[in-house]
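Chain residues, written in single-letter form:
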Amino acid sequence: MSQNAASAILPEMPRDRVAIRGVLQQERRFYVVAACALLLVTVVGFRQFLMHGEGADRIPITPHILPLVVIHGLAMLAWVVLLVVQSLLIVAGRRRLHMTLGLLGAVLAGAIVILGTATAVLSARFNPALYEDFGGARYFLTFALTAMVLFGALTAVGIAYRSRPEVHRPMMVLATVALMTGSFDRWPFIPWLMAVTHDNVPLFHWGPMLLLGAALLALHTGMARRLSRSHVAGYAGVLAVTILSTVVARSAAWNQLAALVVP
């Protein structure tokens with residue numbers, strides 16, 4: 001290569017590195033935006049719980065399991081807040097502190113799966129009337145448990161690939177997205193959505209969560225200037241599991257199994 005050719009190429013290299021660094025920083029900012037959006041969804045959905053200690057539409061929390069519901073709710077809120085903090089730490093370059101807090105996150109995730117599963121089962125057993133608008137307690141129990149399966153599985157993948165940010169980060173966001181069904185079910189627009197979908201429970205229950213997941217995937221693609229295969233695969237998995245849960249919920253086998261919990 002001639003000296004003139006080399007001098008023409010070399011000045012471009014720093015600009016290329018700056019461009020790559022800029023894209024990476026934009027991608028990191030996406031996770032801050034996503035985490036803040038998920039926190040907003042959580043706070044709006046559980047505003048009655050957070051402000052007044054009540055369930056949706058000011059319905060009292062099932063008294064038999066009140067402490068369990070409160071602990072579960074606070075654990076889920078702590079998870080979303082931690083997601084915001086973790087995303088901000090990466091943007092700020094505090095990777096070591098991010099990894100240290102990740103240990104706390106792993107413990108919290110395990111607690112949420114246990115608490116969420118217990119809360120869903122006991123709530124369906126002691127307060128089945130609460131789920132009349134959701135196809136009945138046995139039917140809706142499938143969806144509640146599916147959310148815990150999705151959260152646990154996606155979090156486990158994220159933890160297993162914690163040394164690979166391109167996998168770890170989208171899995172953690174998608175795991176949190178899967179938790180948003182409980183929040184969306186308490187949003188003011190749900191009665192309208194129920195009417196529009198003619199009380200199609202899978203549509204008005206899974207629909208908002210899946211739309212949020214698709215919107216975040218599109219936003220990530222735009223900000224990162226690339227389509228993340230891990231993010232696409234994770235979202236496809238969430239979609240497939242939600243469809244499968246609808247099939248299971250309508251099966252006679254599940255009805256018989258759920259009868260052990262809900263008489």
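Predicted model, so just to flag it, every value in this text is computed and none were measured.

Caption draft 1: Broad picture of the overall build of the chain. Within the chain one finds eleven helices and zero strands. Ordering the α and β elements of the chain from the N terminus gives α-α-α-α-α-α-α-α-α-α-α. Within the chain, contacts between residues at least 6 apart in sequence are counted, and of these 75% link residues at least 24 apart. Of the accessible surface of the chain, which amounts to about 13,800 Å², a share of 69% is contributed by carbon and sulfur atoms.

Caption draft 2: Local environment of the nonpolar core. L38, W79, I112 and M180 are the most contacted members of the largest nonpolar core, which has 65 residues in total. Looking at this core element by element, the count peaks at eleven residues for helix α7 (residues 165-184). With residues near it in sequence (within four places) discarded, L38 still touches V80, L83, V173, T176, V177, M180 and L212.

Caption draft 3: Inspection of helix α9 (residues 201-224) at higher detail. In this model, α9 (24 residues) spans 35 Å end to end at C-alpha, consistent with the 34 Å of a helix rising 1.5 Å per residue. At the exit of α9 stands R225, carrying a positive phi of roughly 60°.

Caption draft 4: Molecular detail of a nonpolar patch on the surface. Residues L239, I243, L244, V247 and V248 make up a contiguous nonpolar surface patch of about 420 Å² in total accessible area. Turning to its location among the elements, V247 is positioned in helix α10 (residues 229-249).

What counts, and at which threshold
Residues numbered from 1 in each chain as written. Predicted model: local features only at pLDDT ≥ 70, side-chain atom pairs only at ≥ 80, totals over all residues. Heavy atoms only, no water. Helix = DSSP H or I, 4+ residues; strand = E, 2+ residues; numbered from the N terminus. Contact = heavy atoms within 4.5 Å. Areas by Shrake-Rupley, 256 points an atom, 1.4 Å probe, with all protein chains shown as cover. Core = buried A, V, L, I, M, F, W, Y, C linked by side-chain atoms within 4.5 Å. Buried < 20%, exposed > 50% of the residue type's maximum accessible area, 1.4 Å probe, protein only. Expected span 1.5 Å × (residues − 1). Patch = residues over 30% accessible without salt bridge, like charges linked within 9 Å, V, L, I, M, F, W, Y side chains within 5 Å. Salt bridge = Lys/Arg side-chain N within 4 Å of Asp/Glu carboxyl O.

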